[in-house]
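Given next are the chains, with one letter for each unit.
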Amino acid sequence: MAGRGPPPRGVCLVLLALYAAPASTRRAEPYYGRPIGRLNQYAHGIRGQVYAVDKSTVFVRGFAYDGTGPDAYFWVGDTPQPSPEGVPIPYPEDYTTRDPPILTAHTNTDIMLRLPGGKRLKDIKWLSVWCRRFTVNFGDVFIPPGLDPPRPRVLPELKRLAHGLRSGNISVLDAKTFYIPNLHYDGAGPDAYFWVGNGSEPNPFGTKVPSESGSLHPLRGYQGEDIEIQLPGKLTAYDIDWLAVWCVEYRHNFGHVYIPKDLDVPPALGQTKITTSSTTSQTPASATNNCKEILDKRLQVKWELQGNQIQITLSARLRREQYMAFGISGAEGRPAMLNADVVVAYWDNKANQPKVADYTISHLAQCDGERGVCPDARLGGSNDVVVVSGQQKNGITTITYRRPLAAKESNKDKEVLTSRSQSVIAAFGPLNSRYEANAHSFMDTTRTDVQLDFGAQNDHTCIGLAELDADGPAAWPPRVIAGVTNFTARIGPAGGKRGYTPITDNDISKGFLPYGHPSWGIAWYINDQLIPELYVERGKMYTFIVEGGEDQTNPAKFHPFYISDSSEGGYGQKKPEDQNKQRVFAGVARDNEGYAYPTAIGRYCEWIHKTTDQSAVSDTFESYMKTLQLECNEGEPGILNWTVAEETPDLVYYQCYTHNNLGWKIHVLDPGQPIPLPGDQRANSAAVYLPTVTALIVILTSFYNIASR
């Protein structure tokens, strides 16, 4: 509420003190399950180490058998010794003949065996390699009494923090597989993923987990679906502290569940196969290519190993005289241009052909012939990349090149690894007059760690640049509120490609363009309108009833309201030198030590989706509002009274103290000054006069229709 004191600054210190590096819970690798024992050899070279994977599955590591027995099978039973009273375990499991196949020769094979007929390990006493025709035991191992196999672990549901996220109790089926039943998520987060990592709570230093369809694209909406996800690479449940749904771009936690330290689940050996209720279909991957889409899905990267070379294909929608760059990051575990080894690919419009160049980045500056972002050849090195092919079709430039796996020049090149994933970087940017790479913008480069496994086979999650770059739906017209002195400020969804970003583009006649302010999925709703432009008079007092949340422990629902000259906001997350660049007019105070704190704090009210985000199919904001419902926590709203001073600039912004890009414009007028329509430079020809307006909400549909002609 107004006048509320500053939040205790010691909270951060307490959190730091409470979190210490946990004792390692990682199991020794490789992990195959609970050891049962080694197969005893009686005949035919039987050999192998047997493990209990779960209550009904065993794993035989390094199985050997000469294959000369006439009628041999894996055989289990509950008699004191192996005998004809046992039953066979079919191997391989997916046989097509009427009878199970007879065992063939093996020299060092890893074999998974599922007990038949619903049997469990506690129902049997031994596993044998048995010749049924001659009733001979070639080798056996006995199940230890009281064996307790690993079993799936049931965890609590996902914590409900934002975007309607909720689920049933989550199960860790094996060391890599999570089963999430009854998953709900509105799909409105702009850059949300399944996310795992370490620490006392979810944080930006995590790892993306592919969705149930294997995709690493931002998550779609879910409506009560049961899904299964698997941890990538060599990561296991023993390596992580939490599983979350996390917005990477805005570093926000939508909900999470903690992984217990005493986890004892089955190993991930491919035995887990469940059917989910997910209805999402995935285009089959190419039989030969690996393909990933990075840089907000604007750059498609395909790769294929060819002996001691790797062939890479880059595809993107490039503008004229623009390049695309891709290569090995200068630092493992994060995107680093400095010391990176990249290939710059572009279309030479003068020669009408594709070009590629091997680059070294020794300094984050334009190449001066000695250092900077330079082609290797310009520094006296060798250009180790060769163009294979290229084309321009349907607005997409595709260039294929080949480079060595090894680092030919240790001071300029980096090795391409095939044994594990490694961090890569990518960028788009303009070419200079030398057809060399010029500086790129922040939004056109890799901003989070992206890892590719160049040794993978059929790692294909691309869905096609043509689909990704299709025009979005038409933006909703901006809203205007004038002539009122009382406002409610609540949180609601940003409205996808019709809402926050295109509205803040300021040019509704062009429809959706990706030049507006980025959104992380929520925004201010003033008087239940999505980021309307407000008009106020100097000398008058205005009251904002703020319902943006008061729980400082949940940043996804803590949005203090303030007024500033910054179009970005987020005063509380800024460094002091950046705070000094903002002028604050209301909603922020200073304590006795000079530290800033927000004053407009109240209970949390949010317009949430009744199902999933329907903005794309809602032609009007009014129809979109019918797909939302208001949910409010108990408590009282905050009150912000603002008397507009004479020196207040003509344009200020209402914003969120803790996050960027939730608010929009406040136009400050002198008494009697007319209200121009947004974007209208002829204010006097189409204006609403403030003194004659009472409680007016101007919906600019007519202006939008005129501007669109």
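Look up: the structure comes first, before these words.
Residues numbered from 1 in each chain as written. Predicted model: local features only at pLDDT ≥ 70, side-chain atom pairs only at ≥ 80, totals over all residues. Heavy atoms only, no water.

A. Main features of the packing of aromatic side chains. Under the counting rule described, the total for this entry stands at 25 aromatic pairs. Where phenylalanine 74 meets tyrosine 91, the ring centres are 6.2 Å apart and the plane angle is 85°; that geometry is what we call edge-to-face. A residue pair is termed long-range when its members are at least 10 positions apart, and phenylalanine 74 in strand β5 (residues 72-77) and tyrosine 91 in the loop between β6 (87-89) and β7 (106-114) qualify at 17 residues. Taking relative accessible area as the criterion, phenylalanine 74 reaches 1% and is therefore assigned buried. Linked through ring pairs, Phe487, Trp524, Tyr542, Phe544, Phe561 and Tyr654 together constitute an aromatic cluster. (Phe/Tyr/Trp six-rings, centres within 6.5 Å; stacked < 30°, edge-to-face > 60°. Helix = DSSP H or I, 4+ residues; strand = E, 2+ residues; numbered from the N terminus. Buried < 20%, exposed > 50% of the residue type's maximum accessible area, 1.4 Å probe, protein only.)

B. Examining the state of the cysteines more closely. Enumeration according to the criterion identifies 2 disulfides in this entry. What pairs with cysteine 291 in a disulfide is cysteine 462, and their sulfur atoms sit 1.9 Å apart. The sign of the S-S torsion, about -95°, decides the handedness of the disulfide formed by cysteine 291 and cysteine 462: left-handed. Here cysteine 291 is found in strand β18 (residues 290-294), whereas its partner cysteine 462 is found in the loop between β28 (450-452) and α2 (465-468), with 171 residues between them in sequence. Cysteine 462 shares its class with cysteine 291; the two are buried. Between the sulfur atoms of cysteine 605 and its disulfide mate cysteine 632 the distance is 2.0 Å. Between cysteine 605 and cysteine 632 the sulfur-sulfur dihedral comes to about 120°; the bridge is accordingly right-handed. Residue cysteine 605 is located in strand β39 (residues 602-609), and its partner cysteine 632 is located in strand β40 (residues 628-632); the two are separated by 27 residues in the primary sequence. (Disulfide = S-S within 2.5 Å.)

C. Focus on unusual backbone geometry. Residue proline 92 is reached from tyrosine 91 by a cis peptide bond, and omega for that bond is 0°. Tracing the backbone shows proline 92 in the loop between β6 and β7. In this structure, aspartate 528 is a non-glycine residue whose phi angle is positive, near 60°. The topology assignment puts aspartate 528 in the loop between β31 (522-526) and β32 (529-530). With relative accessibility at 21%, the residue aspartate 528 sits in the partly exposed group.

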